[in-house]
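Spelled out, the chains give:
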Amino acid sequence: MENHNISVGLDIGTTKIVAMIGRKNDYGKVEILGVGKSKSMGVHRGVVNNITQTIQSIQQAVQEAEAAASEKIEDVTVGIAGQHIRSLQHSDYITRANSELVIDEGDIDRLINQVHKLVMLPGEEIIHVLPQEFKVDGQAEVKEPIGMYGGRLEANFHVVVGQVSSIRNIGRCIKSAGLQLEGITLEPLASANAVLSREEKEAGVALIDIGGGTTDLAVFKDGIIRHTAVIPFGGNVITEDIKEGCSIIEKQAELLKMKFGSAWPGENKDNEIVSIPGLRGREPKEITLKNLSKIIHARVVEIIEQVYVEIKNYGHEEQKKKLIAGIVLTGGGSQLKHLKQLVEYITGMDTRIGYPNEHLAGDSDEDIASPLFATAVGLVMDGLKRQERKRADEIEELAASEVEQAIEAENEVVVEEPIRERRSFLDKLTERVKEFLDNAE
């Protein structure tokens, strides 16, 4: 891509695939240049199950985005989710050879690499290792141990695990669609970056991203991600229930849900009826809106209750782990009428709908600021951040080589090394997936 300030987010969902091209404007906001959307054909519950159809859907979305932005897309940042993602808590420690030296990046990397040796189920691999808090020689609640002295360094980790084959399949689809994989991001994290404020992450918040095939949960407290979960139900099961319950075809069920659906059955009067055209030569069907919302309500309650179990698993009822900012709903499923009220009723927590407009430029299209595109906006932001890191690294290397030349010229000059941001494991995972794809040819 000629223009290095441009980033492309590719959200491979169960119902839709979105390619979004964006760049940072002069005010540090994200300006969306083009969006392409296509129906997702080969994805089931966030997992690719038909490579050929997925490739076609990706190409269609990418071509549409390229036409809208008049830019050629080469590199993409892709989101991974799906029912194979699970997370666990783990504690580990290392004993340092010399406690007289200060703790540095190397010690933390050693500790993180040790967590990667955890034995997983067959076919699973660790995707993310997120340190929660550290302990140095028994001193607890250390946020940043670098620069401290100590012999024993331990930490609690939030470990996200997924199936390697699913991640490689996504990589294969992207490569076959003629694109380069620039980065991989966990979708709940991308959505969180797009719709949550720093204050909310500090206070404690649960982000619920209701997609077509899955519902993703990410819990933040004290600015750190504490819990993630993927529930294998989303908007599609609601559509399926309407289809079965009203004996109509899927297309009609989806339209009914979007136009007349409500998560709260008390809203509709008994005499409110919608008429649906019958199939070829058959009588039209009459459906009461009360029945429709009863069907929706039953399934939505089930999804919310499963999410609430996960929030309780994190420990939300403990005083120290309380989520003061409550719940933020996003994703296409969050647009269901009266969902916010139902979530508040079931969980007793404050709830709002999350729109990704906080980070978008002021003149952005209203459609893009919809919860439907939260993940795609988050992926674009992630791609831009990755590019900034790359540029910073290049500048650092350049500066380092200039410093070396200066040292050669004047032997006594001592220059402190710049502090480098630790590479996230997802960057390493991206490289491994790229390597695998290159070797698989």
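Right above here is the structure, for reference.
Definitions and limits used
- Residues numbered from 1 in each chain as written.
- Predicted model: local features only at pLDDT ≥ 70, side-chain atom pairs only at ≥ 80, totals over all residues.
- Heavy atoms only, no water.
- 1 Å grid on protein atoms, 1.4 Å probe; cavity = no way out; pocket = protein on both sides within 12 Å on 5 of 7 lines; lining within 4 Å.
- Points joined across faces, edges and corners; volume = space filled by probe spheres on them.
- Nonpolar A, V, L, I, M, F, W, Y, C, P; charged D, E, K, R; others polar.
- Helix = DSSP H or I, 4+ residues; strand = E, 2+ residues; numbered from the N terminus.
- Expected span 1.5 Å × (residues − 1).
- Buried < 20%, exposed > 50% of the residue type's maximum accessible area, 1.4 Å probe, protein only.
- Arc of directions from axis to C-beta.
- Contact = heavy atoms within 4.5 Å.
- Polar contact = N/O pair within 3.5 Å; in protein donor to acceptor, adjacent residues only side chain to side chain.
- Phe/Tyr/Trp six-rings, centres within 6.5 Å; stacked < 30°, edge-to-face > 60°.
- Axes fitted to C-alpha atoms, helices over the stretch in contact; angles between N-to-C directions.
- Parallel < 35°, antiparallel > 145°, perpendicular 65-115°, else oblique.
- Left-handed = near helix turned anticlockwise from the far one by under 90°.
- Pairing = 2+ DSSP bridges.

(A) Up close: the layout of surface pockets. What the second largest pocket holds in volume is close to 1400 Å³. Together, 49 residues line the second largest pocket, and Thr15, Lys16, Gly212, Asn236 and Glu254 are the ones closest to its centre. By residue class, the composition of the lining of the second largest pocket is eleven nonpolar, 24 polar and 14 charged.

(B) Seen up close, helix 1 (residues 51–69). Taking 1.5 Å of rise per residue, the 19 residues of helix 1 would be expected to cover 27 Å, and the 27 Å separating its terminal C-alpha atoms lies within 8% of that figure. Among all positions in helix 1, only Thr54, Ile55, Ser57, Ile58, Ala61, Val62, Ala65, Glu66 and Ala69 are buried. Buried residues of helix 1, viewed axially, fall in a sector of 165°; they line one side. Set apart from the buried face of helix 1 by more than 90 degrees, the exposed residues are Thr52, Gln63 and Ala67. In this structure, the buried side of helix 1 is in contact with strand 1 (6–12), strand 2 (16–24), strand 3 (30–39), strand 4 (43–44), strand 5 (47–48) and helix 3 (164–176). Sitting at the amino-terminal end of helix 1 is asparagine 50, which places a side-chain oxygen 3.2 Å from the backbone nitrogen of threonine 52.

(C) Region of interest: the packing of aromatic side chains. Throughout the structure, instances matching the rule amount to one aromatic pair. On the basis of an interplanar angle of 85° and a centroid distance of 5.4 Å, the ring pair of tryptophan 264 and tyrosine 345 is categorised as edge-to-face. On the criterion of sequence distance, the pair formed by tryptophan 264 in the loop between helix 7 (250–260) and strand 15 (273–276) and tyrosine 345 in helix 9 (residues 339–347) is long-range, its members being 81 residues apart. Tryptophan 264 sits in the partly exposed class, given a relative accessible area of 29%.

(D) A look at the environment of leucine 207. Structurally, the position occupied by leucine 207 is in strand 12 (residues 205–210). The exposure class assigned to leucine 207 is buried, which follows from its relative accessible area of 1%. Spatially, the C-alpha atoms of leucine 207 and alanine 263 are 19 Å apart, while their sequence positions differ by 56 residues. If we skip the residues at most four places from it in the chain, leucine 207 touches Pro188, Ser191, Ala192, Val195, Leu196, Asp216, Leu217, Ala218, Val328 and Thr330.

(E) Just the packing of helix 6 (residues 235–246) against helix 7, in detail. At a minimum axis separation of 8 Å, helix 6 and helix 7 run at an interaxial angle of 115°. Judged on the interaxial angle alone, helix 7 and helix 6 are roughly perpendicular. Seen along the crossing, helix 6 lies across helix 7 with a hand that is right-handed. Here Gly235, Ile238, Thr239, Glu240, Ile242 and Lys243 of helix 6 lie close against helix 7, whose contacting residues are Glu250, Ala253, Glu254, Leu256 and Lys257. Partitioning the contact of helix 6 with helix 7 into residue classes produces four nonpolar, two polar and five charged.

(F) The arrangement of the pairing of strand 13 (residues 215–221) in detail. In terms of residue burial, strand 13 counts as a mostly covered element, since seven of its seven residues are buried. Burial along strand 13 is two-sided: Thr215, Leu217, Val219 and Lys221 facing one way and Asp216, Ala218 and Phe220 facing the other are all buried. Taken together, the six bridges between strand 12 and strand 13 define a ladder with antiparallel strand orientation. The partner of isoleucine 208 across the bridge, within strand 13, is leucine 217. As paired elements, strand 13 and strand 14 (residues 224–231) share seven bridges and run antiparallel to each other.

(G) Layout of empty space enclosed by the protein. Counted according to the given criterion, the structure contains three cavities of 30 Å³ or more. Approximately 50 Å³ is the volume found for the largest cavity. Looking at the largest cavity, the residues that line it are Ile210, Ile238, Val300, Ile303, Ile304, Gly333, Leu336 and Leu339. Of all the elements, helix 8 (residues 289–314) adds the most residues to the lining of the largest cavity, at three residues. Class assignment of the residues belonging to the lining of the largest cavity gives a composition of seven nonpolar, one polar and no charged.

(H) Representation of the sheet that holds strand 3 within the structure. Pairing is mixed across the open sheet formed by five strands, whose spatial order is 3-2-1-6-11. Here the strands that pair on one side only, and so sit at the sheet edges, are strand 3 and strand 11 (180–186). Sheet twist, expressed as the mean angle between neighbouring strand axes with direction ignored, is 25°. Two strands pair when backbone bridges link them, and strand 6 (residues 75–80) and strand 11 are joined in this way by six bridges, in the parallel orientation. Within strand 11, the residue paired with valine 78 across the bridge is isoleucine 184. Each of strand 1, strand 2 and strand 3 is contacted by helix 1, which is oriented at about 145° to strand 3, the strand it contacts most.

(I) Fine view of the environment of glutamine 56. On the secondary structure map, glutamine 56 appears in helix 1. In this structure glutamine 56 comes out as partly exposed when scored by relative accessible area, which is 49%. Considering only alpha carbons, one finds glutamine 56 and serine 38, 18 residues apart in sequence, at a separation of 9.3 Å.

Geometric descriptors of this kind do not, in isolation, establish any biological role.
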